[in-house]
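Chain by chain, the residues run as shown.
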Amino acid sequence: MRFPILRFVVLAGSLAIASVPALADNLITNGGFETGDFTGWTVNAGFTVVVSEPFEGFNAHSGNYFAALGNVGSDGTLAQTFSDTSGQTYTLSFYLGSDGGTPNDFSAWIDGTELLSLTDIPSTSGSYDLYSYTFTGTGSDTVTFDDRDDPGYLALDDVSVSTSTGVTPEPSSLFLLGTGIAGFAGVLRRRLHRA
């Protein structure tokens, strides 16, 4: 009788752990450009490409690909519309690097509201700076990046939109879940031995 109970406890524990919510999913499609192209994005720019590392002194922030933004003379745009929950708070985050060549500029927008505006961004020496902004979802929102770098490229990678509230349970919650499963197994074992 011990082995069926042990199997039940292992199965119940596995199902409970599998049902624990993971970290919030990224609502952006292809935010790391790992498809090797602009799948999921609308691009209105010249000299804006997805490249594999290394390129112009940059490696990807993560993975193997990143967007090299090199529009000349005026701003180009990179945009994506995504579905979310109206009224929910979200965080837009992305990593941006600059080669330091001027003129350059970069701005980030959610539904026409400017979140960031940078001009003549100094060199990040091949690394990236993290930018994060919160906004309230409307059900369908659009993130837009405007960019220009006449002599070279800006590097953009790991664009994400996720819920601002953490959904990962606290360790104490997992402990309570485990003790509940262990208690249930003890009751079940006691009933089986009486029968």
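Residues numbered from 1 in each chain as written. Predicted model: local features only at pLDDT ≥ 70, side-chain atom pairs only at ≥ 80, totals over all residues. Heavy atoms only, no water.

Draft legend 1. View of the pairing of strand β5 (residues 89-98). The buried fraction of β5 amounts to 8 of the 10 residues, a majority that puts the element mostly inside the structure. Of the pairings in the sheet, the one linking β5 to strand β8 (residues 129-136) comprises 8 bridges and is antiparallel in character. Within β8, the position partnered with Thr91 by the bridge is Thr134. Where β5 meets strand β10 (residues 154-163), 8 bridges bridge the pair, whose relative direction is antiparallel. Within β10, the residue paired with Ser98 across the bridge is Leu154. (Buried < 20%, exposed > 50% of the residue type's maximum accessible area, 1.4 Å probe, protein only. Helix = DSSP H or I, 4+ residues; strand = E, 2+ residues; numbered from the N terminus. Pairing = 2+ DSSP bridges.)

Draft legend 2. Structural detail: the sheet that holds β10. If you trace the 5 strands from one edge of the open sheet to the other, you get β2-β3-β10-β5-β8, paired in antiparallel fashion. The sheet is open, and its two borders are formed by β2 (48-52) and β8, each paired with just one other strand. Geometrically, the sheet is characterised by an average inter-axis angle of 30 degrees between neighbouring strands, direction not taken into account. (Axes fitted to C-alpha atoms, helices over the stretch in contact; angles between N-to-C directions.)

Draft legend 3. Region of the structure containing the pattern of salt bridges. Enumeration according to the criterion identifies 1 salt bridge in this entry. Between Asp150 and Arg148 there is a salt bridge; the shortest N-O distance is 2.8 Å. What makes Asp150 partly exposed here is its relative accessible area of 24%. (Salt bridge = Lys/Arg side-chain N within 4 Å of Asp/Glu carboxyl O.)

Draft legend 4. Looking closely at the sheet that holds strand β4 (residues 76-83). In space, the 5 strands of this open sheet follow the order β1-β4-β9-β6-β7, with antiparallel pairing throughout. What marks the edges here is a single partner per strand, and that holds for β1 (42-44) and β7 (113-119). Each adjacent strand pair in this sheet contributes to an overall mean axis angle of 10 degrees, direction not counted.

Draft legend 5. Representation of the nonpolar core within the structure. Phe33, Trp41, Phe94, Phe106, Phe145, Leu156 and Val159 are the most contacted members of the largest nonpolar core, which has 28 residues in total. Contributions of two or more residues to this core are made by β3 (65-69), β4, β5, β6 (104-110), β7, β8, β9 (140-149) and β10. Beyond its immediate sequence surroundings of up to four residues, Phe145 is in contact with Trp41, Gly76, Thr77, Leu78, Phe94, Phe106, Ser107, Ala108, Leu156 and Val159. Judged by nonpolar contacts, the second largest core, of 8 residues, contains Phe58, Phe66, Ala68 and Ala155. (Core = buried A, V, L, I, M, F, W, Y, C linked by side-chain atoms within 4.5 Å. Contact = heavy atoms within 4.5 Å.)

Draft legend 6. The packing of aromatic side chains, seen in detail. Under the definition given, this model contains 12 aromatic pairs. Ring geometry for Phe33 and Phe38: centres 5.9 Å apart, planes at 80 degrees, overall edge-to-face. Exposure remark for Phe33: the relative accessible area of 0% places this residue in the buried category. Look at Phe106 and Phe145: their rings are 5.5 Å apart centre to centre, the planes differ by 25 degrees, and that puts the pair in the stacked class. (Phe/Tyr/Trp six-rings, centres within 6.5 Å; stacked < 30°, edge-to-face > 60°.)

Draft legend 7. A look at the side chain of Asn71. Summarising the element assignment, Asn71 is placed in the loop between β3 and β4. A polar side-chain atom of Asn71 sits 2.6 Å from the main-chain amide nitrogen of Gly46. Leaving out residues up to four positions away in the same chain, Asn71 has contacts with Ala45, Gly46, Phe47, Thr48, Gly76, Asp147, Arg148, Asp149 and Asp150. (Polar contact = N/O pair within 3.5 Å; in protein donor to acceptor, adjacent residues only side chain to side chain.)

Draft legend 8. Quick peek at the side chain of Thr124. As for its placement among the helices and strands, Thr124 is situated in the loop between β7 and β8. Taking the relative accessible area as the measure of exposure, Thr124 reaches 10% and is therefore buried.

Draft legend 9. Structural detail: the environment of Asp147. In this fold, Asp147 is placed in strand β9. For the pair Asp147 and Asn104, spaced 43 residues apart in the sequence, the C-alpha separation amounts to 7.5 Å. Leave out the neighbours within four places in its chain, and Asp147 touches Thr48, Leu69, Gly70, Asn71, Ser74, Asp75, Gly76, Thr77, Asp105, Phe106 and Leu154.

Draft legend 10. The arrangement of the confidence of the model for the protein chain in detail. Per-chain confidence: the protein chain averages 83 in pLDDT, with 71% of residues scoring 70 or above. Note that residues 166-176 has pLDDT below 50 and, in this model, 11 contacts with residues that lie over four places away or in other chains. (pLDDT = per-residue confidence, 0-100.)

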